[in-house]
Amino acid sequence: MEINVDRKRSVEEIGNFVCTEKEKLFVLVLDKGDKYPYLLLSLQTFHIIQNYDSMPTREELEEDIGEKIKEIYSQNYASITLH
């Protein structure tokens, strides 16, 4: 997997990539038809880590991931290529 990130952001939005201190990568996605539409998805395992009824806080994300968040990157300035 090749990951290119051009610009970091401090604002959390749907589609933002979340990178932890141990270099794990997650993404926040939205499933509008679901009761808990905000999803935290692991990009290493492609498993949903947690569902939320509203946009999660940084603290909620860290608790559910189990480690500190290093950076949050905008999906508008990042790309992922699978090999």
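From a predicted model like this one, the values you see are computed outputs, not experimental measurements.

Regarding the pairing of strand β4 (residues 25–30)
- Here 3 bridges tie strand β3 (residues 17–20) to β4, and the two strands are oriented antiparallel to one another. Residue V18 lies in a different strand from β4, and its bridge partner there is F26.
- Between β3 and β4, which pair antiparallel and follow one another directly, the connecting turn spans 4 residues, one of which, E23, has a positive phi of 65°.
- Bridge count for β4 against strand β5 (residues 38–42) is 5 bridges, and the pairing is antiparallel.

Notes on the nonpolar core
- Listed in full, the 9 residues of the largest apolar core are V18, F26, L28, L40, Y52, L61, I65, I69 and I72.
- Of all the secondary-structure elements, those providing two or more residues to this core are β4, α1 (58–65) and β7 (69–73).
- Residues F17, L25, L43 and Y73 belong to the second largest nonpolar core, which totals 7 residues.

Some words on the environment of E23
- By the secondary structure assignment, E23 is in the loop between β3 and β4.
- Considering only alpha carbons, one finds E23 and I69, 46 residues apart in sequence, at a separation of 9.3 Å.
- If near-sequence neighbours (up to four positions away) are discounted, E23 is found in contact with Q44 and K70.

Thresholds applied
- Residues numbered from 1 in each chain as written.
- Predicted model: local features only at pLDDT ≥ 70, side-chain atom pairs only at ≥ 80, totals over all residues.
- Heavy atoms only, no water.
- Pairing = 2+ DSSP bridges.
- Helix = DSSP H or I, 4+ residues; strand = E, 2+ residues; numbered from the N terminus.
- Core = buried A, V, L, I, M, F, W, Y, C linked by side-chain atoms within 4.5 Å.
- Buried < 20%, exposed > 50% of the residue type's maximum accessible area, 1.4 Å probe, protein only.
- Contact = heavy atoms within 4.5 Å.

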